[in-house]
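The lines below spell out each chain.
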Amino acid sequence: KPNTIALLIKLWDAAPIPLGGIPQHVTLVAQPEVRIIDVFARPDAKAGQIHLEVTMENNTKSDEQVDINAMQGPLFSKEFLGTNQKTTVTAPPGQMVAKLDLPVAHPHLWDLNDPFLYAVAVKSDWKPTGNTSALHDTYSFHTVCCVLLSGEGYFTLNGRLIFLKSLHGNWY
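It should be emphasised that the depicted structure is a prediction, and the values quoted were computed from it without experimental measurement.

Draft legend 1. Local environment of the overall build of the protein. From N to C terminus, the protein includes zero helices and ten strands. Secondary structure elements in the protein, listed N-terminal to C-terminal, are β-β-β-β-β-β-β-β-β-β. For the protein, the share of sequence-separated contacts (at least 6 apart) that also reach a separation of at least 24 residues comes to 54%. Carbon together with sulfur atoms contributes 56% to the accessible area of the protein, which is approximately 12500 Å² in total.

Structure (C-alpha cells):
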C-alpha cells in the first residue's frame, strides 16, 4: 500500500526484566532521491585550498545530472565571503564521490591563541525535479607534527614547538 509504514517491535526477554519497545523518539524525514549524504573538507594551507569530497546518493535507476555549489568562508561571518565553485556531475545509481578544490586566498592558520575556523557549505540541485539538499562542515588550517629532537619526541603546531600537559587518573 502507498504511504504505509510497518514497524515490528520484538520483546527481548533474555534480560532479567523484559525489555522492548522504542526507548527514544523517532523522526521520519522525507529526502530527495538524489542527495548529498556527506561532505569531507581537507584543508591544505601550503597550496591555499580546500579539497572537498562530496558523497552523493542516487536512489533512482538511472544516471542523473546534479549541480553542486560549494561555498567557503570564515565560520562566524554573516555571509560566505570566500570562494564559490559550481560544477555539474553525473550521479550513477548508488553512491559516488565528487571531488572539488576551493581556493582560499591567504589562509588564516588556527592557533591556540587564535582558534580561527572556516565553514564550507555544499548544496546540490537535482535538475529534473528542482529538489535540493545541503550539508555543511567546519575546518581549520593548521599543521600538527611530531618531531624528534635530541632523541626525544615533541609536537609542533604550525612549525612551532608546543608542550602538552595531561593529567592521568586511575579510572581507565
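That covers the picture; the talk isn't over yet.
Draft legend 2. A look at the sheet that holds strand β3 (residues 64-74). The strand order β4-β3-β6-β7 describes an open sheet built from four strands, whose pairing is antiparallel. The open sheet is flanked by β4 (84-91) and β7 (131-139), the only strands paired with a single partner. Each strand axis lies, on average, 20° off the axis of its neighbour in the sheet, ignoring direction.

Draft legend 3. A look at the packing of aromatic side chains. Considering all chains together, one arrives at five aromatic pairs under this definition. Note on Tyr118 and Tyr139: the rings are 5.4 Å apart at their centroids and 10° apart in plane angle, and the pair reads as stacked. Of this pair, Tyr118 sits in strand β6 (residues 118-126) while Tyr139 sits in strand β7, and the two are 21 residues apart along the sequence. Here Tyr139 falls in the buried class, since its relative accessible area comes to 5%. Here the aromatic rings of Tyr118 and Phe141 are separated by 5.2 Å at their centres, their planes lie at 90°, and the arrangement is edge-to-face. One end of the pair, Tyr118, is in strand β6; the other, Phe141, is in the loop between β7 and β8 (144-149), and 23 residues separate them in sequence. Here Tyr118 and Phe141 have matching classes, each one buried. Site record: aromatic cluster; members linked through ring pairs are Phe116, Tyr118, Tyr139 and Phe141.

Draft legend 4. Structural context of the sheet that holds strand β5 (residues 94-103). If you trace the three strands from one edge of the open sheet to the other, you get β1-β2-β5, paired in antiparallel fashion. Only two strands of the sheet have a single partner each, and these edge strands are β1 (34-44) and β5. When strand polarity is set aside, the average angle formed by the axes of neighbouring strands in this sheet is 20°. Direction of pairing for β1 relative to strand β2 (residues 49-58): antiparallel, over a ladder of ten bridges. Among the inter-strand pairings, Arg42 is bridged to a residue of β2, identified as His51.

Draft legend 5. The arrangement of the nonpolar core in detail. The biggest cluster of nonpolar side chains holds 24 residues, and the ones touching the most others in it are Ile50, Leu52, Met56, Val66, Ile68, Val122 and Tyr139. When neighbours within four sequence positions are excluded, Met56 is seen to be in contact with Val34, Arg35, Ile36, Val66, Ile68, Gly94, Gln95, Met96 and Ser124.

Draft legend 6. Seen up close, a nonpolar patch on the surface. Nonpolar side chains collect at one region of the surface, where Leu7, Ile9, Ile22 and Val26 lie side by side and expose about 410 Å² of accessible area between them. By the secondary structure assignment, Ile22 is in the segment before β1. A relative accessible area of 45% places Ile22 in the partly exposed class.

Draft legend 7. Just the confidence of the model for the protein, in detail. Confidence in the prediction for the protein averages 85 pLDDT; 88% of positions are at 70 or higher. Within the protein, β7 has the poorest average pLDDT of any element, 88, and β2 the best, 94.

The rules behind each value
- Residues numbered from 1 in each chain as written.
- Predicted model: local features only at pLDDT ≥ 70, side-chain atom pairs only at ≥ 80, totals over all residues.
- Heavy atoms only, no water.
- Helix = DSSP H or I, 4+ residues; strand = E, 2+ residues; numbered from the N terminus.
- Contact = heavy atoms within 4.5 Å.
- Areas by Shrake-Rupley, 256 points an atom, 1.4 Å probe, with all protein chains shown as cover.
- Pairing = 2+ DSSP bridges.
- Axes fitted to C-alpha atoms, helices over the stretch in contact; angles between N-to-C directions.
- Phe/Tyr/Trp six-rings, centres within 6.5 Å; stacked < 30°, edge-to-face > 60°.
- Buried < 20%, exposed > 50% of the residue type's maximum accessible area, 1.4 Å probe, protein only.
- Core = buried A, V, L, I, M, F, W, Y, C linked by side-chain atoms within 4.5 Å.
- Patch = residues over 30% accessible without salt bridge, like charges linked within 9 Å, V, L, I, M, F, W, Y side chains within 5 Å.
- Salt bridge = Lys/Arg side-chain N within 4 Å of Asp/Glu carboxyl O.
- pLDDT = per-residue confidence, 0-100.

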